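Here is what each chain is made of, one letter per residue.
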Amino acid sequence: MNIEQRYNWSRLNKQQVGAFAEYFVKMELTMYGFQVYGTEVDDRGVDFIARYEQGPFIEIQVKSLRSHGYVFMQKKKFPLKQNFYLALGLLEENEPPKLYLIPSLAWKSQDSLLVGRDYEGLKSKPEWGINVSRKNLPLLEVYRFEQVVLPLLANTADLIVPIDALASRC
């Protein structure tokens, strides 16, 4: 099997893609030394929690995309609070997976990448979204998994990555 066959994401159905992304994020955190704990029921927007050494727990919601596009989380299930993160798996055809870890507090500073929609007077529920496009990829790079995880390891007493620190990396 060559690399193109290995990363043929179009072979997987939507459920398989979601499961792959979630397990991949869990394993990457494990490889960095985090303890990872699954949730029995995902009715609150938390796919799993993790903790590094004796630091606080972080809550993770996982989303995946097979190419560029839009992904969203209901505001009710994805509150903007400390230690709550969105892990995004970008699975581009014939490419290894790319992971991003975005603090929920990043949505306080919305831009063309991170958006909020309220849909007042409409049936859709309020949501936080990510516009993954070729134009927005440079904005997404600041949230590369390794760039966000490494500061978490350095400071186990306070696992909060300041938004200003992430923005300064752009």
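Just above, that's the structure.
Residues numbered from 1 in each chain as written. Predicted model: local features only at pLDDT ≥ 70, side-chain atom pairs only at ≥ 80, totals over all residues. Heavy atoms only, no water.

Draft legend 1. Representation of the overall build of the protein in the model. From N to C terminus, the protein includes five helices and eight strands. Along its sequence from the N terminus, the protein presents helices and strands in the succession α-α-β-β-β-β-β-β-β-β-α-α-α. Across the 170 residues of the protein, 38% fall into the buried class. Counting only contacts in the protein whose residues sit at least 6 apart along the sequence, the fraction spanning at least 24 positions is 58%. Entry remark: accessible area of the protein is about 9500 Å², with carbon and sulfur atoms responsible for 50%. (Helix = DSSP H or I, 4+ residues; strand = E, 2+ residues; numbered from the N terminus. Buried < 20%, exposed > 50% of the residue type's maximum accessible area, 1.4 Å probe, protein only. Contact = heavy atoms within 4.5 Å. Areas by Shrake-Rupley, 256 points an atom, 1.4 Å probe, with all protein chains shown as cover.)

Draft legend 2. The arrangement of the layout of surface pockets in detail. Here the largest pocket is characterised by a volume of approximately 360 Å³. If you go around the largest pocket, the residues you meet are Lys 14, Gln 15, Val 17, Gly 18, Ala 19, Lys 63, Ser 64, Leu 65, Arg 66, Tyr 70, Val 71 and Phe 72. Listing elements by their share of the lining of the largest pocket, those giving two or more residues are α2 (14-31), β3 (57-65) and β4 (69-74). It is α2 that contributes the most residues to the lining of the largest pocket, five residues altogether. Residues that form the lining of the largest pocket fall into these classes: six nonpolar, three polar and three charged. As for the second largest pocket, its lining consists of 10 residues, and the residues nearest its centre are Gly 45, Gln 61, Lys 63, Gln 74 and Lys 77. The residue makeup of the lining of the second largest pocket, split by class, is three nonpolar, three polar and four charged. (1 Å grid on protein atoms, 1.4 Å probe; cavity = no way out; pocket = protein on both sides within 12 Å on 5 of 7 lines; lining within 4 Å. Points joined across faces, edges and corners; volume = space filled by probe spheres on them. Nonpolar A, V, L, I, M, F, W, Y, C, P; charged D, E, K, R; others polar.)

Draft legend 3. Region of interest: the packing of aromatic side chains. Evaluated as defined, the whole model comprises nine aromatic pairs. Seen from their ring centres, Tyr 7 and Trp 9 are 5.8 Å apart, and the 35° between their planes marks the pair as tilted. Taken together, the aromatic side chains of Tyr 7, Trp 9, Phe 20 and Phe 24 make up a single cluster linked through ring pairs. Looking at Lys 75, its charged tip hangs above the ring of Trp 128, at a distance of 4.2 Å from the centre. (Phe/Tyr/Trp six-rings, centres within 6.5 Å; stacked < 30°, edge-to-face > 60°. Lys NZ or Arg CZ within 6 Å of the ring centre and 35° of its normal.)

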